[in-house]
Every structure is written in structure tokens, then in C-alpha cells.
Amino acid sequence: MSKFEELEGRVDALAQALMRVVAELESKRLLDGPRVSTAWRGARPARVACTRQLQASRRVLLQMADTLD
């Protein structure tokens, strides 16, 4: 396994954990899911995603928002 694959797996694990926490809080009505997904969509607007890292971050945030919705 390459270092890149290891990092990719770790990032995926963190995203999955966060999604489960948010979903649980939403199901208990302790968190507004649509508000969270809107915030994630706005966190990395296209106009500021000017590097490859920020573009990747934006893609993941948009995917997570779509999944939460």
C-alpha cells in the first residue's frame, strides 16, 4: 500500500465517521441536516478553490453534502 493510499483511506474513514455523527444528531433533532449540508457546500466556493488541494476539498465537501441530503 502506498502512502497516498494510506492517506486516502484515513481521510475516507474520517469523512465516514463525521457523516455518521451528523446523521445521528440529525435523527435526534439535535442538528439541522440541511443547514449543515448548505454550510459544507459554501465552505469551499469554486472561486477560492484555486489549488488542486482546495479543489479536492471542495469535491469531498460537495459529495458529503449530497450524501447527507
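Notes on the structure follow. Bear in mind the structure is a predicted one, so any value in this text is a computation, not a measurement. (Residues numbered from 1 in each chain as written. Predicted model: local features only at pLDDT ≥ 70, side-chain atom pairs only at ≥ 80, totals over all residues. Heavy atoms only, no water.)

### Details of the overall build of the protein chain
- Check the secondary structure of the protein chain and you find 3 helices and 0 strands.
- Across the protein chain, helices and strands are ordered from the amino to the carboxyl terminus as α-α-α.
- Projected onto the principal axes, the alpha-carbon positions of the protein chain cover approximately 40 × 30 × 15 Å.
- Burial statistics for the protein chain: of 69 residues in total, 17% are counted as buried. (Helix = DSSP H or I, 4+ residues; strand = E, 2+ residues; numbered from the N terminus. Buried < 20%, exposed > 50% of the residue type's maximum accessible area, 1.4 Å probe, protein only.)

### Side note on the packing of helix α1 (residues 3–27) against helix α3 (residues 52–68)
- The geometry of α1 relative to α3 is characterised by a closest axis approach of 11 Å and an angle of 35° between their N-to-C directions. Between α1 and α3 lies a crossing of right-handed hand. Of the residues in α3, those touching α1 at Ala15, Leu18, Met19, Val22 and Glu26 are Met64, Thr67 and Leu68.
- In terms of residue class, the contact of α1 with α3 is made up of 6 nonpolar, 1 polar and 1 charged. (Axes fitted to C-alpha atoms, helices over the stretch in contact; angles between N-to-C directions. Left-handed = near helix turned anticlockwise from the far one by under 90°. Contact = heavy atoms within 4.5 Å. Nonpolar A, V, L, I, M, F, W, Y, C, P; charged D, E, K, R; others polar.)

### Comments concerning helix α2 (residues 33–43)
- Looking at α2, one finds that the buried residues are Gly33, Val36, Ser37 and Trp40. Taken around the axis of α2, the buried residues stretch over an arc of 95°, which confines them to a single face. Among the exposed residues of α2, those pointing more than 90 degrees away from its buried face are Arg35 and Thr38.
- Looking at the buried side of α2, the elements it contacts are α1 and α3. (Arc of directions from axis to C-beta.)

Distances and angles like these do not, on their own, reveal function.
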